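In case you want the letters, here they are:
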Amino acid sequence: MIPTLTLESIISDFRLRWEAAPDVRKSNNNTRYQMVDGILSTFSVFFMQSSSFLAHQRLMQSKKGRNIAASLFRVGRIPSDPQIRNLLDPLAVQYFHADFWALWDGLNAHQQLPKFRSALDGYLVAMDGVTHFSSEKISCPECLKRQDREGTEHFYHSAITPVLVKPGMKQALPLPPEFIVPQDGHEKQDCERSAAKRWLAQHSGHLGDQTIIYLGDDLYANQPLCQLITETYRQSFIFVCKPDSHTSLYEWIAWLEQNMAVSVLSQRRWNGKHGEIWRYRFVNQVPLRNGSEALQVNWCELVITHETTGEILYQNAFITNMAITAENVAAVVEAGRTRWKIENENNNTLKTKGYHLEHNFGHGKQHLANILVTLNLLAFLVHTVQDLIEPIYQTLRQALGSRKTFFNDLRALTRYWFFDDWDALFRFMADGLEIPLSN
């Protein structure tokens with residue numbers, strides 16, 4: 001049976017699952033508010049992109065005896081902000097991973113995932129690190145630490161946020177995050193590479209027999225991670241490869257080029273204003289590092305120059321475990337360049353398009369900061385799901401033009417009017433915009 005992915009259905013499924021969220025409160029504690037209501041209340045704030053959403057709904061409840069948090073988000077009782085933080089703080093972020101994969105499975109059932117299949121006949125999963133909190137005073141056991149040049153200690157939170165991307169596709173699908181936190185039994189501070197390995201260990205099995213091509217910046221282009229992806233998970237990678245961090249590899253390439261062993265392919269392209277020369281260089285089976293046990297990788301580079309002036313407009317190089325040929329080198333480079341979408345379509349959207357990823361919504365003493373980021377990412381994923389498959393959502397987004405206008409209207413309407421469900425709200429908006437909708 002194909003699952004329904006309307007907002008009504010998704011939020012109902014969330015409530016059903018979150019009703020089983022572990023509650024560490026003792027039986028003699030005040031348990032007037034349920035865990036599920038704290039989680040749904042938090043999700044509603046991120047979904048509506050409004051830090052004052054719950055305050056408005058508490059006021060509506062006091063004036064009208066009913067509220068939107070209940071009708072749209074299935075919240076039984078709205079806890080206060082401090083109560084929400086106390087409820088969520090002990091939860092482990094892994095509890096919410098299943099919600100990401102449930103939506104992934106739903107999209108797959110609706111035949112939406114094949115839209116993301118790349119020209120390389122695989123799915124591109126871009127990985128990158130993002131810092132979502134920094135302070136000189138506030139800290140918790142999951143904070144990382146660093147000192148600036150003046151010796152001031154800074155506490156911060158970071159995560160890797162894998163995203164399913166495709167060249168030319170405006171949507172990007174966030175997958176469960178992996179937080180970079182101090183690890184038990186390790187004196188050395190956690191890092192992005194270690195977090196990537198943990199993510200693979202936890203989630204690669206869920207991807208089943210799909211062909212996955214992992215994308216990442218130069219930080220990921222190291223032998224342990226490349227070998228892990230190739231030999232343990234039997235998947236592919238395309239990572240940025242810079243000369244200053246891979247001196248041995250580039251010495252090999254220079255020697256091979258002197259011996260005419262580096263292939264070259266040039267293309268002329270028109271960008272609408274002037275001609276460009278796209279020059280690809282590639283070679284297979286070069287050692288990633290020094291030593292007899294070095295992993296053999298395949299290398300390619302793209303240099304784009306202005307046809308008339310010769311100015312270099314773009315230059316970057318990549319390593320991969322996929323064989324590179326004259327027929328696929330353009331597709332390999334295009335996939336590698338798609339890594340930027342994790343910045344533009346995911347991280348920058350979360351920072352600048354209403355999700356306020358770097359805002360401190362609450363820090364807590366255990367896991368709160370990371371729980372809030374996880375629910376924020378989940379809200380972004382639900383928005384993306386709606387944008388992919390729900391006609392009425394798509395129609396309204398298109399009619400209103402920008403994401404900002406759409407959410408401004410949602411916030412204004414739900415502050416002053418009560419709606420029984422999402423369909424009633426969206427049809428009210430469509431009527432106001434004089435947009436005909438099918439029944």
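These numbers were taken from a predicted model, which means no experiment stands behind them.

Chemist: Please explain the overall build of the protein as it appears in this structure.
Modeler: Each helix and strand counted, the protein has 15 helices and 13 strands in total. In terms of C-alpha radius of gyration, the protein reaches 24 Å, essentially the compact-globule figure of 22 Å for 439 residues. Going through the 439 residues of the protein one by one, you find that 52% of them count as buried. Taking contacts inside the protein between residues at least 6 apart in sequence as the whole, the part at least 24 apart equals 66%. For the protein, the exposed surface amounts to about 20800 Å²; the carbon and sulfur share of it is 48%.

Chemist: Explain the pairing of strand β11 (residues 275-287) here, please?
Modeler: In this sheet, β11 lies alongside strand β10 (residues 263-270) in antiparallel orientation, the contact comprising eight bridges. What sits directly across from L265, in β11, is Y280. Pairing between β11 and strand β12 (residues 296-306): 10 bridges, direction antiparallel. Directly across from Y280, in β12, lies its bridge partner L302.

Chemist: Would you explain the packing of helix α12 (residues 368-389) against helix α13 (residues 391-400) in this entry?
Modeler: Working note: a packed helix pair is described by the angle between its axes plus the distance between those axes. Where α12 contacts α13, the axes come no closer than 6 Å and their chain directions differ by 95°. Of the possible angle classes, the one that applies to α12 and α13 is roughly perpendicular. Taken together, the residues of α13 that come into contact with α12 (itself represented by H383, Q386, D387, L388 and I389) are P391, Y393 and Q394. Its residues assigned to classes, the contact of α12 with α13 comprises four nonpolar, three polar and one charged.

Chemist: Is there a simple way to explain a nonpolar patch on the surface in this structure?
Modeler: Residues Y416, W417 and F428 make up a contiguous nonpolar surface patch of about 360 Å² in total accessible area. Tracing the chain through its elements places Y416 in helix α14 (residues 403-416). By relative accessible area, Y416 is classed as exposed at 51%.

Chemist: Just checking my understanding: could you explain the pattern of salt bridges for this structure?
Modeler: When the charged atoms of two side chains lie near each other, side chains of opposite charge can form a pair. Throughout the structure, instances matching the rule amount to 12 salt bridges. One salt bridge connects R74 with E8, and the closest N-O pair in it is separated by 2.4 Å. Taken as a pair, R74 in the loop between α4 (68-73) and α5 (81-88) and E8 in helix α1 (residues 7-18) lie far apart in primary sequence, 66 residues in all. Overall, the relative accessible area of 28% leaves R74 in the partly exposed class. Looking at E8, the relative accessible area reads 25%, which means it is partly exposed. Between R117 and D121 there is a salt bridge whose closest N-O contact spans 3.3 Å.

Chemist: Would you explain the packing of aromatic side chains in this entry?
Modeler: Each aromatic ring pair is specified by the distance between its two centres and by the angle formed by the two planes. For the coordinates displayed, the defined rule picks out 23 aromatic pairs. Here the aromatic rings of Y95 and F96 are separated by 5.3 Å at their centres, their planes lie at 85°, and the arrangement is edge-to-face. Comparing Y95 with F96, the two get one shared label, buried. Positioned above the aromatic ring of Y95, the side-chain terminus of R17 is 4.4 Å from the ring centre. Directly above the aromatic system of F406 lies the positively charged group of R397, at a separation of 5.8 Å from the ring centroid.

Chemist: Please explain the sheet that holds strand β5 (residues 163-165) as it appears in this structure.
Modeler: In a beta sheet, neighbouring strands pair by backbone hydrogen bonds and run either parallel or antiparallel. Strand order in this open sheet of nine strands is β6-β5-β1-β8-β9-β13-β12-β11-β10, and the pairing throughout is mixed. Looking along the sheet, the strands with just one partner apiece sit at the ends: β6 (173-174) and β10. Relative to strand β8 (residues 212-216), strand β1 (residues 123-126) runs parallel, the two sharing four bridges. Paired with A126 across the strands is L215, a residue of β8. Lying over the sheet, helix α8 (residues 223-232) contacts β8, β9 (236-240) and β13 (312-320), oriented at roughly 160° with respect to β9.

Chemist: In this structure, what is going on with unusual backbone geometry? I would like to understand it.
Modeler: A positive phi is found at Q49, a non-glycine position, where the angle reads about 55°. Along the chain, the position of Q49 falls in the loop between α2 (35-48) and α3 (53-64). Since its relative accessible area comes to 10%, Q49 is described here as buried. At Q285, a position not held by glycine, the phi torsion is positive, near 60°. Its location among the elements puts Q285 in strand β11.

Calculation notes
Residues numbered from 1 in each chain as written. Predicted model: local features only at pLDDT ≥ 70, side-chain atom pairs only at ≥ 80, totals over all residues. Heavy atoms only, no water. Helix = DSSP H or I, 4+ residues; strand = E, 2+ residues; numbered from the N terminus. Rg over C-alpha atoms; globule rule 2.2 N^0.38 Å. Buried < 20%, exposed > 50% of the residue type's maximum accessible area, 1.4 Å probe, protein only. Contact = heavy atoms within 4.5 Å. Areas by Shrake-Rupley, 256 points an atom, 1.4 Å probe, with all protein chains shown as cover. Pairing = 2+ DSSP bridges. Axes fitted to C-alpha atoms, helices over the stretch in contact; angles between N-to-C directions. Parallel < 35°, antiparallel > 145°, perpendicular 65-115°, else oblique. Nonpolar A, V, L, I, M, F, W, Y, C, P; charged D, E, K, R; others polar. Patch = residues over 30% accessible without salt bridge, like charges linked within 9 Å, V, L, I, M, F, W, Y side chains within 5 Å. Salt bridge = Lys/Arg side-chain N within 4 Å of Asp/Glu carboxyl O. Phe/Tyr/Trp six-rings, centres within 6.5 Å; stacked < 30°, edge-to-face > 60°. Lys NZ or Arg CZ within 6 Å of the ring centre and 35° of its normal.

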